Structure formats: structure tokens, C-alpha cells
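Each chain, letter by letter, is given below.
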Amino acid sequence: MLSVSGRKPAAVVIEPLARLLNKMGLSPNTVTVVGALITTAIAVIFIPTGHLVLAAVLSGVFAALDMVDGTMARLQGYGTKFGATLDATCDRITDGALFAAITWWLIYTYKPHASVIIASFIVLVSSQVISYVKARGEASGFEVIGGLIERPERLIIGLTGIGLTGLGVPYAIDVALWFLAIGSVITVGQRLLIAAKSPHASEAIAAPVGATECEPMAPQK
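Quick caveat, the model's predicted, so the values are computed rather than measured. (Residues numbered from 1 in each chain as written. Predicted model: local features only at pLDDT ≥ 70, side-chain atom pairs only at ≥ 80, totals over all residues. Heavy atoms only, no water.)

A. Expanded view of the packing of aromatic side chains. Scanning all chains against the criterion turns up two aromatic pairs. Both rings, one in Trp104 and one in Tyr108, keep their centres 4.7 Å apart while their planes meet at 40°; by these two values the pair is tilted. Here Trp104 and its partner Tyr108 are both found in helix 6 (residues 81-110), four residues apart, which amounts to about one turn of the helix. A relative accessible area of 49% means that Trp104 is categorised as partly exposed. When the ring of Trp105 is compared with that of Tyr110, the centres are 4.9 Å apart and the planes differ by 15°; the resulting orientation is stacked. By relative accessible area, Trp105 is classed as buried at 5%. (Phe/Tyr/Trp six-rings, centres within 6.5 Å; stacked < 30°, edge-to-face > 60°. Helix = DSSP H or I, 4+ residues; strand = E, 2+ residues; numbered from the N terminus. Buried < 20%, exposed > 50% of the residue type's maximum accessible area, 1.4 Å probe, protein only.)

B. Layout of the UniProt feature "binding site: Mg(2+) 1" (unreviewed entry) in the chain. As annotated in UniProt, the feature "binding site: Mg(2+) 1" (unreviewed entry) corresponds to Asp66, Asp69 and Asp87 in the numbering used here. In sequence the annotated residues extend across 22 residues, while in space they remain close, none of their C-alpha pairs exceeding 9.0 Å. Its place among the elements puts Asp69 in helix 5 (residues 68-75). When near neighbours in sequence (up to four residues on either side) are disregarded, Asp69 contacts Pro28, Val31, Thr32 and Asp87. You can see Asp87 is positioned in helix 6. (UniProt positions renumbered as here; feature names shortened; annotations may be inferred. Contact = heavy atoms within 4.5 Å.)

C. The UniProt feature "active site" (unreviewed entry) in the chain, seen in detail. Within the UniProt annotation, "active site" (unreviewed entry) is assigned to Asp91. Relative to the helices and strands, Asp91 is located in helix 6. The contacts of Asp91, once residues within four sequence positions are left out, are Asp66 and Arg151.

D. Just the nonpolar core, in detail. Membership of the largest hydrophobic core comes to 24 residues, with the highest contact counts inside it found for Ile47, Leu98, Phe99, Ile102, Leu106 and Leu177. When contributions to this core are tallied by element, the ones reaching two or more residues are helix 4 (52-64), helix 6, helix 7 (114-139), helix 8 (151-166) and helix 9 (172-196). Residue contributions to this core peak at six residues, all from helix 6. Residues Ala18, Val31, Val68 and Met72 belong to the second largest nonpolar core, which totals six residues. (Core = buried A, V, L, I, M, F, W, Y, C linked by side-chain atoms within 4.5 Å.)

E. The arrangement of a nonpolar patch on the surface in detail. A cluster of nonpolar side chains, contributed by Val53, Val57, Val61, Leu164, Leu167 and Val169, occupies part of the molecular surface with about 470 Å² of accessible area. Structurally, Leu167 can be placed in the loop between helix 8 and helix 9. Residue class for Leu167 comes out exposed when judged on its relative accessible area of 62%. (Patch = residues over 30% accessible without salt bridge, like charges linked within 9 Å, V, L, I, M, F, W, Y side chains within 5 Å. Areas by Shrake-Rupley, 256 points an atom, 1.4 Å probe, with all protein chains shown as cover. Salt bridge = Lys/Arg side-chain N within 4 Å of Asp/Glu carboxyl O.)

F. Local environment of the pattern of salt bridges. Across all of its chains, the model carries nine salt bridges by this definition. Residue Asp66 is joined to Arg151 by a salt bridge in which the shortest nitrogen-to-oxygen separation is 3.2 Å. With Asp66 in the loop between helix 4 and helix 5 and Arg151 in helix 8, this pair connects stretches of sequence that are 85 residues apart. Judged by relative accessible area, Asp66 falls into the partly exposed class, the value being 25%.

Rendered as C-alpha cells:
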């Protein structure tokens, strides 16, 4: 939801920064990779070691700057298919690193009820599936946009849960993870339903490379 509606307010900060980085001669792809490396490092270093508030704040800052690379490309007058693929790949890596780090911290430090760890694993897996459904749908020629928990909501809720836990708020991460787990499963279903209702959903696709082509079945009488 916020992935669309949040772009206009964020542009007030993002566009000037994107212009500055363009003037410095940095490429959007460089910014994508550097941002992903820093964000991943923040998650895997600070969360397992218990620096939860610092991890939440720094991760939030770099998550908010995630639109810079795309804005840089737009200001340059074009974006590339490789750039979009690289950006999506780095998003999956940083999402995976964040929730893997949270799961590690849960198991070895927080030690909650086993159900909370299960919820964290659900979020870790479903976050990748949500994005995959969108990517696979777009590769098949139709849009899969929307759903209850998209990437911005996932990051905001997850980082808020971690940050509040670091401030001593009881069960903040427990509630955040269960909300994300349930919401993410619902979102997978929503996106599959969007794909199923697409006008192109029933179009035939070519057989995978190496597979034997089969004759179409005759209609049943």
C-alpha cells in the first residue's frame, strides 16, 4: 500500500539527494549495491549483538533512502532493465538479512515462546514469496500490484517492533512478527488472486527448455 502512496511525500527529501549524487558522478547501480551492503551489515551486526534501537534507526534511514537509485535513474532520463533487476535482487537480500538477523536474535538472545520463532520464519519466507509472485507475474505479462503487507509496511512494522523492544516495551517484537506473519500470508493469497483474475492468466506458455512438446488435447465431447 505505502509503496505507491508514500512516494510523493518522500520525494521532497529523495529528489535533492538524488540530484546531488548524480552531480557527484555516481551511477544508480552503484548506489543500489552500496546501500544494500550497508543495510545488510547493519542488520547482521547490530541485531544479533542486541543493539536493537540503533539497528532500527539506521535500517529505517537506509530503507527510506531505497528510492534514491530509482530517482537518480529517472532524473537522468532513463532506467535500465538490469538496474531494475539489480534493485529487486538487493531488496530481497536486505529483507532476508533483516529477518534472518531478527530470527537469530530471537533464538539465541530473546528466547521467546516457540510460536514467535515460527512467526519469524513465516515472515522470512513469505517476504520472499510476496515479491516473487509480483516478479513472476510481471514476467508473464501482467501487473501484480497491491496487497496488505508490501515491502514498506513489512519494514516499518518489523523495525518498529525491534526498536520498541530495544526501548523495553514488552512483547513489541512478538506482536509485530505475528501481525506480519498473518498479514504476509494474506498478501500472498491476494497477489495470487490478482494474478488469477488477470486477462492474461489463461494464456498458454511455452514448454521449459528441454521439455518434450505435447500435442494439445482435443476438446471433450
